[in-house]
Structure formats: C-alpha cells, structure tokens
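So the chains spell out like this:
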Amino acid sequence: MTGYTPIEMMTVAASRSLAEGDVCFAGVGPPSEACNLARAVHAPDLVLIYESGAVRARPRNLPLSVGDGELCETALCTVSVPEMFCYWLQGGHIDIGVLSAAQIDRFGNINTTIIGDYHAPKVRLPGGGGAPEIATSCDRIHLIVRQSRRSFRKELDFRTSFGFGEGGLSRSEAGILTAGPVVLFTDLAIWKPDPASKELTVVSLHPGVTRAQMHASVDWNIKFAEQVEITEPPSDEELTVLRELHKRTKASHFPKKI
Amino acid sequence: MESKLLLGPSAMGKFCSLKAAVAEFLFDGATVAFEGFSHLIPFAAAHEAIRQNRRNLKLVRMTPDLIYDQMIGMGCANRVVFSYAGNPGIGLLNRMRDAVESGWPNRLEITEHSHAALANAYVAGASGLPFAVLRGYSGVDLPRVNSEIQEIFCPFTREKLAAVRSVNLDLAVIHAQKADQAGNVLVEGILGVQKEAVFAAERSIVTVEEIVDEFDTSVNACILPNWKIDAICVVPGGAHPSYAHTYYDRDNASYFEWNEISKDRQKFLDWMKLNVLDATPEVFLSRALKRANVE
C-alpha cells in the first residue's frame, strides 16, 4: 500500500458510506469530494443534488462552487433555487445530506456562522447557506470535519444547524422528525451517535491513530465504543481515482499554469 | 392582448447604456439585489454602481460574493441581507469581514438567513405576500439574532413553523443571456432566484450578452416579459468572472486571485482603481474571452 494523507483517509471513508441509489444533497468542499469519489469508485448511480438546483449532476471535476456550470451541463435537469429548497428538500425527497462545519460539538450540532460573539465577531464565517434546513429535512446526515481543538468544541460559539441539540430526545422534542447525524468522518476516526444519549462516540480509528491523539484534538472528554475498530485504509483504486480527480480539478481552475 | 403587451411600443426605449440605467434607477439608500447563484452575476452593473458612487445601499442577495465584497469595501452599503457570504470553495469575503469585524470603511449591519428562508422570502415578495412560511430554523441560533424570523402556527394542524419577512426591492439587477428585439429576456442554466428578484422589485435592470431577433427555445423557458423590465443594457461578458451558460465559463482563477487582493486594504483600493474606477463596461468582453481562449 502506498502512503496516504489523513485527509485522503477521511474523504475515502466518507465516500464508502454512500451507496448506489442514495439521493444525496452535496455541500461544497469535502462533502462534494466524498460524493464524487463514491460515484467514480463504487456507486456510479449515486444521485447528487446541489442546492443551486442541479439534479443528478455528474461532474467530471470537483466543482469549486455549488453553482458551477459543469453541474448544470451534466444534470438530468436544473430547477430554480426556491423549487430546490421547497419541493426537493423540504418536501422530503433527499436521503442523505452531507455536511461539513467550522465547529462541531459532541451532539453533532454545527457552527458555520461566527467565531466569538455574534454582534462583535472574532471571525465572520460565511454563514449557514443551505445547512440549517439540510440538517433537518434530509432523512439522515453524514458529517465530514477535520479534527482539532479549535473545531471540536465543548460549547459552540453559535448553533447554525441542529444535530441532536442537548442529546437524548432533544431532536424530536424540537419537532424534527428526521434521523440527524448518523455518522461523522474525521481525518483521525469514524464516530457514530450513541443510540440513547446521542453523544458522538468513536467507533473506528484510522490506521495508526492513537487514543492520545484523539484526546489532544478534541475539547471534550471523548467516549469510545466498547469495540473500537480500525478503519480499512484506502485501496490503490480509491487513492488513484481521488488523486486524478484533484489533478483534473486543479488543471481546470488554472488552465494557464498546466 | 398578450401580443400587445409583448410588443409594446415602449419596448425599444428600454435599451440603453449601463451608465444611463444605473443613473436613472439606482438611488442612494435603495434596497437592491444584484442577484445570481454563482451564475450570471451582474459584475458589470455592480462596477457601474461603484463608479457612480452610490451610498447607503441595503444589499440583498442569497450568496453575496465578490461584487458585494467590492461594493462593501468601496463604502456603497450600510446593510447586507444574505444567507451565505463566502468565496465558494476558497474562503471568506475579506472586505465584508473587515466591515463586520472592524467597521472599515464603515459600519455594516447584517440581516442573516438560511438559503431556504431567503429563497422563500424572495418568492413571497414576488407573490405580493408580506411573509413566507417554511419548516426551518428548528432549534438553532439565527432566530435569536434576526427579528425577521418569527414562529407561526399552522391554522389547520397547529404545527409550529418559521415565518420570515418577504424581500421587497426598490431595484433588481440581473445578467441574462439574451433579450429579443421587443425587450423580453431569456435566462438559461442555473436560475437561482433571478426571476423572483425581478418580480419582487419595483424596478429592474438586466444586462445581456446580446440581442436576438427571436428566442430559439422550449415553451417552458424562463422568460422575463418586457413589462417587468425597465432597462436592458447590452454588456457582453458582463458576468465575468462568473459565467454565462453557453457563452463563457466561470473564471475560477480570478476567484482565487480575489482572495489575495482583498486581504489588504490598500491592495484592494489599488485594484479597484485600476480595474473598476478607471474602467468601463466595454472591458468585460475581453476579460470573458481571454478566459475562453485559454481553454
């Protein structure tokens, strides 16, 4: 096996969770990357839906923006943004929402709005975009977030999108009927919510990752499952396809330099 | 009756220069949207507004990106209504950040929504309704900081839902592929909320790639009728560095470059002087073509 980076491991692990026939709402960045890797490796008929209105997009490159032309050109059809959010998302026609975040807490709530106080921010982030309603309207959510103490917070600075609230039954008590985050992929591990408390719990460590590394990169006291597995490393095929995808994408962004 | 409206005698009067259109329809203090969801973003029109030194604008847009970063940095705006303020796939909007975090060049108020809510608010405005209703904002913090998000109960089922104030604009500015001789406009590709913005506005300016004798398209095409449009300005390449489906591709390299230019106040001002203040709408064609030729 050739070497690979922790980020590649994260993307590959997330891509494996998406199956043929799933209808996915793909956010830009790592989510879209995992979705397109899945489509290229094992799930050619994975249905990718982008919030710009592109339905069943089949891009050759990774889109830089969710509104890139290639999404529309390769889509089954392109609908308006209000139709996308009202009929397709709120209407309940999406299986999996794949999301990323700047901050996440132990119950899978996420922040993409602000670091610091809302009215006197330290860092003004882009904001929620589609995420607040993706998080509650898709049947289930897959999260992809790089682990660090800055990102994995005991308390979020702002709750942009709902995971499991304060845990337990908070989600249904808030009137939300969908499953919420069923899995979290990081550069170090795979996490799943505890069935009762809903706290995200480590179920698999990526090869070579230690529990000390896990504790050092998270701001709360982590729970591990009774049986913690070791994630299957990326296959040659997965790595090759992922790297080709990046190479093609970069060439399309900077045609002069290639 | 329909044909009379479509071919109304005033149609030809709508065609004018971008400079004249902005001078006539965009006033200081206006609530205005320069819309476009990654696609057909009216860059040329926004640059004209900057050149004409508009002030105290309330800028509305789902995805403020480079043009709002530029308008904010040049002191044109005192409020932004938005749902995602980033340079997609690259990072943050550095000029908007500087205004929100440090008040440079002036204090900037924000009204922040999710995409679903703001899309619905546009639909409500286009529909002549005072508010929109959606199943959203459950258990999250935005309703705490935006008083234009309220709870409402369904009168039939008692389900708790979110209500948001509709978007009502003084002016909508969009870019589109084509206008016909009668002044109707065709929009193709990623539609965003272009149509909703025009219908939610008192006035509208549309920049187009070209004027054609007639549209060669399907009966269900997205067409904005001439009586909803106040000015049509031919500005080929006017959406660059965003793109116009079937005309030219998105110039992603320019979006990466903007991230560097916008980090520094002086570098930003120098770039704006050279590329906006001392430029004209005619430069857009060569910018868009330069990108197309490289590919």
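Residues numbered from 1 in each chain as written. Chains lettered and ligands numbered in written order. Predicted model: local features only at pLDDT ≥ 70, side-chain atom pairs only at ≥ 80, totals over all residues. Heavy atoms only, no water.

## So, the pairing of strand 8 (residues 149–153) of chain B
Where a strand is regular, its side chains alternate between the two sheet faces.
Residues and elements named next belong to chain B.
Here is step 1 of the chain: Looking at chain direction, strand 8 and strand 9 (residues 160–165) are connected through five bridges and run antiparallel. In the strand pairing of strand 9, I149 is matched with V164.
Here is step 2 of the chain: The hairpin turn running from strand 8 into strand 9, its antiparallel successor, is six residues long, and R158 in that turn takes a positive phi close to 70 degrees. (Pairing = 2+ DSSP bridges. Helix = DSSP H or I, 4+ residues; strand = E, 2+ residues; numbered from the N terminus.)

## Overview of the domain arrangement of chain B
All names here are of chain B.
Here is step 1 of the chain: When the domains of chain B are assigned, the result is domain 1 (18–107 + 168–291) and domain 2 (115–165).
Here is step 2 of the chain: The C-alpha-based centres of domain 1 and domain 2 are spaced at 27 Å.
Here is step 3 of the chain: The partner domain 2 presents seven residues to the 18 residues of domain 1 that form the contact.
Here is step 4 of the chain: Each partner contributes to the roughly 920 Å² buried at the junction of domain 1 and domain 2, and carbon and sulfur atoms together form 74% of this total.
Here is step 5 of the chain: If you sort the residues of domain 1 by the area they bury against domain 2, M62, S83 and E196 come out on top, with a joint share of 39%. (Domains from an automatic or database assignment. Contact = heavy atoms within 4.5 Å. Buried area = accessible area lost by both parts, 1.4 Å probe.)

## Focus on the sheet that holds strand 7 (residues 131–134) of chain B
Residue and element names in this part refer to chain B.
Here is step 1 of the chain: Overall, antiparallel pairing links the three strands, which are arranged 7-9-8 in an open sheet. Of all the strands in the sheet, the pair left with one neighbour each is strand 7 and strand 8. Direction aside, neighbouring strands of the sheet carry axes that sit 35 degrees apart on average.
Here is step 2 of the chain: Strand contacts of helix 6 (residues 115–126): strand 7 and strand 9, with the helix running at about 140 degrees to strand 7, the strand carrying the most contacts. (Axes fitted to C-alpha atoms, helices over the stretch in contact; angles between N-to-C directions.)

## Quick notes on the layout of surface pockets
Rolling a probe over the atoms, with the probe sized like a water molecule, indicates the empty space that remains.
Here is step 1 of the chain: Estimates place the volume of the second largest pocket at around 550 Å³.
Here is step 2 of the chain: The wall of the second largest pocket is formed by 22 residues, among which A174(A), R135(B), G136(B), S138(B) and K160(B) lie closest to the centre.
Here is step 3 of the chain: Going through the elements one at a time, helix 5 (131–137) of chain A together with strand 8 and strand 9 of chain B are the ones with two or more residues in the lining of the second largest pocket. (1 Å grid on protein atoms, 1.4 Å probe; cavity = no way out; pocket = protein on both sides within 12 Å on 5 of 7 lines; lining within 4 Å. Points joined across faces, edges and corners; volume = space filled by probe spheres on them.)

## Side note on the packing of helix 9 (residues 252–261) of chain B against helix 10 (residues 265–277) of chain B
Residue and element names in this part refer to chain B.
Here is step 1 of the chain: At a minimum axis separation of 9 Å, helix 9 and helix 10 run at an interaxial angle of 130 degrees. The angle between helix 9 and helix 10 places the two elements in the oblique class. Contacts between helix 9 and helix 10 involve W258, E260 and I261 from the former and K267, F268, W271 and M272 from the latter. (Parallel < 35°, antiparallel > 145°, perpendicular 65-115°, else oblique.)

## Describing the nonpolar core
Here is step 1 of the chain: Judged by nonpolar contacts, the single largest core of 162 residues is most densely connected at W191(A), M214(A), F34(B), L59(B), M71(B), M96(B) and Y122(B).
Here is step 2 of the chain: Each of domain 1 (18–107 + 168–291) and domain 2 (115–165) of chain B contributes no fewer than three residues to this core. (Core = buried A, V, L, I, M, F, W, Y, C linked by side-chain atoms within 4.5 Å. Buried < 20%, exposed > 50% of the residue type's maximum accessible area, 1.4 Å probe, protein only.)

## Topic: the packing of helix 4 (residues 66–73) of chain B against helix 5 (residues 94–102) of chain B
Residues and elements named next belong to chain B.
Here is step 1 of the chain: Between helix 4 and helix 5, the shortest axis-to-axis distance is 7 Å and the interhelical angle comes to 45 degrees. Taken together, the axes of helix 4 and helix 5 lie oblique to each other. In this structure, helix 4 crosses over helix 5, and the sense of that crossing is left-handed. From helix 4, D69, I72 and G73 reach across to helix 5, where they touch N94, R95, M96 and A99.
Here is step 2 of the chain: Classifying every residue of the contact of helix 4 with helix 5 by side-chain character gives three nonpolar, two polar and two charged. (Left-handed = near helix turned anticlockwise from the far one by under 90°. Nonpolar A, V, L, I, M, F, W, Y, C, P; charged D, E, K, R; others polar.)

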